[in-house]
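Tertiary structure, described
Listed below are the residues making up each chain.
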Amino acid sequence: MEPPENCDCSGVAVVFEDAQKIILRWDSTASEEARERMIFEGDRDEVDRYLKAVDELQKTMSSTSIADDQDKVNSSTIQIAMARLEDEFRNILLNHTTPVELDSLAAAADPGTSVHSSIRSEYEEDDQVADDDIQDPIQRADSTASNSSTSYRSTSSIREIDLIPPEAVADLESIAKRMVSACYLRECVQVYGSVRKSAVDANFKKLGIEKLSIGDIQRLEWDALETKIRRWIRAAKVCIRILFASEKRLCEQIFDGIGTSIDDACFMETVKGPAIQLFNFAEAISISRRSPEKMFKILDLHDALMDLMPDIEVVFESKSAETIRVQAAEILSRLAEAARGILSEFENAVLREPSLVPVPGGTIHPLTRYVMNYISLISDYKQTLIELIMSKPSTGSRYSGDATTPDMEFAELEAKTPLALHLIWIIVILQFNLEGKSKHYKDAALAHLFMMNNVHYIVQKVKGSPELREMIGDDYLRKLTGKFRQAATSYQRATWVRVLYCLRDEGLHVSGSFSSGVSKSALRERFKNFNAMFEDVHRTQATWLIPDNQLREELRISISEKLIPAYRSFLGRFRSHIESGKHPENYMKYSVEDLENAVLDFFEGYPVSQHLRRRSQ
């Protein structure tokens, strides 16, 4: 190419030679001093001279025609300059890449605090021991902080920070412009990505994000996985809203305006691998084997990811980041499907829970405790589950059961949400299962006491949760209350009708007339039968257990209201007939006060003496 007319070629040559001298003076392959010193760590005038020399060299090469041999020299000089700038670029990045104080940023990444964890802790402490008793499949079944080197720029919930000081960013930008202009884009991107990716990896390590494959994650024990899920949720918020967002901002500050999508290329070079590593964990959970105990951690993951999706869309908005956005959306969908599936499987597990050995004393079954605490937690996730559950547990107005499935009337429940219907249905099948378990008690009265205890526990758990009570509704709650009261009545009939039958007048009068006298032998036999029956009931039912203090006291009062007046009356009518005979103490063994005290022993869950405590004579 011919030089332009009127071109002062001698002047251009002088400028060119001066630029070459400056560049070659900083050739680290030819000078020990150049190897030991960095331009951008020294005098700023020297920095300006070097950058100007690079500019002049590039300008001269693009505007003049030079011989081939000179062209080779110039190309070599440009290579030397770019190698030097690459080293300077890397050095600036390394020197200004400092650890991020992640603990102080956690609250900034999480502007909202969930109540789930506190409620769940209460649940776990309440019934930890009971849950361990359940057989398979139920068993299977932070204000914004900153320091002097950190500043924030807020967009929605995104909290960007300065990863590198502004003056260093300006130097990086000046180097990047010259490297890209000289067609050294790939080298610039690679250097940037390698340094910044190492910084991201270091932050990942501090956040507790391990490099685990999906298989590794799925092979972890659930207790260990629960801890990692809690850590992941916290880490994901920090990564998306602070670290990745700040990396994106840094790329924009350095590369934006230099060339098309260069900033995006550098950003993806830095965070694509770490982002995939981050989301692989959630993906592994979303496709892992379903079981009831995983429900609430899966919902925690779902809620956290749903909350992060708008930020993910902003941070990974470019075309080249589409795979990250798609992966996050797919994981969210699979988590939702997993939650729906677990709830359905939980219903079946409740229905089929196979334990057949009766719980001692007719107390609350571990299944009842587990299911009702599980339901209480489900109600805590009401808003999420309402959005996830869109179908009722049956397709018609009534679920028709068979011998192994309960019936459920839906006519009066039509106004209920699908989630409420699911919860009511779980309670229905729980009762159905409990009724089956009650049949394994040989004593019918104990079977009724067992149902009373368990349905009463269900009622109290519903009443104790405002969210659950609102969904279940007072109408159905009244039905449940009626059921445990009916069980209490059935218990009293099964136990006390035969005892009170001993205190009747029939069969005691001679010749069928009251005035004709009383058969002392029949009366003695009647007292003996009453004593034997009451002693047997007392000895047995003192070992039965009603855990709820109020319910226990109410049932004792109800028993006393029937037993004590009847015994007092019987004793009053026939005392004289026994006292006039031999050894009356063998028949009238107990006073009214003795029986009143004996009733206080009932339903405490521990053995009593073979003999009733008798009043001092």
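Relevant structure appears above.
None of these values were measured; they are calculated from a predicted model.

Some remarks on the packing of aromatic side chains
Under the definition given, this model contains 22 aromatic pairs. Both rings, one in Phe267 and one in Phe316, keep their centres 5.8 Å apart while their planes meet at 40 degrees; by these two values the pair is tilted. Separated by 49 residues along the polypeptide, Phe267 in helix H12 (residues 262-286) and Phe316 in the loop between helix H13 (295-315) and helix H14 (322-352) bring together distant segments of the chain. Among the aromatic residues, ring-to-ring pairing joins Tyr491, Trp496, Phe530, Phe534, Trp544, Tyr567, Phe602 and Phe603 into one connected group. Positioned above the aromatic ring of Tyr501 is the side chain of Arg504, whose terminal nitrogen or guanidinium carbon lies 3.6 Å from the ring centre.

What to know about the environment of Tyr192
Structurally, the position occupied by Tyr192 is in helix H9 (residues 185-207). On the basis of relative accessibility, which here comes to 0%, the residue Tyr192 falls in the buried class. With 59 residues separating them along the chain, Tyr192 and Cys251 place their C-alpha atoms 9.2 Å apart. Excluding anything up to four places from it in sequence, Tyr192 contacts Phe89, Leu93, Glu247, Leu250, Cys251, Ile254, Phe255, Cys266 and Thr270.

Things to note about H13
The end-to-end C-alpha distance of H13 is 29 Å, a good match for the 30 Å that 21 residues give at a rise of 1.5 Å each. Along H13, the sharpest kink reaches roughly 45 degrees, centred on Met309 and followed within four residues by the proline Pro310. Of all 21 residues that make up H13, 15 are buried, and the element is covered over most of its length.

Here we look at the side chain of Glu46
Mapping Glu46 onto the fold places it in helix H3 (residues 44-63). Judged by relative accessible area, which is 11%, Glu46 ranks as buried. There is a polar contact of 2.9 Å between the side chain of Glu46 and the side chain of Trp26. Setting aside its immediate chain neighbours within four residues, Glu46 contacts Arg25, Trp26 and Ile39.

Rules used in this analysis
Residues numbered from 1 in each chain as written. Predicted model: local features only at pLDDT ≥ 70, side-chain atom pairs only at ≥ 80, totals over all residues. Heavy atoms only, no water. Phe/Tyr/Trp six-rings, centres within 6.5 Å; stacked < 30°, edge-to-face > 60°. Helix = DSSP H or I, 4+ residues; strand = E, 2+ residues; numbered from the N terminus. Lys NZ or Arg CZ within 6 Å of the ring centre and 35° of its normal. Buried < 20%, exposed > 50% of the residue type's maximum accessible area, 1.4 Å probe, protein only. Contact = heavy atoms within 4.5 Å. Expected span 1.5 Å × (residues − 1). Bend = angle between axes of the 7 residues up to and from the residue. Polar contact = N/O pair within 3.5 Å; in protein donor to acceptor, adjacent residues only side chain to side chain.

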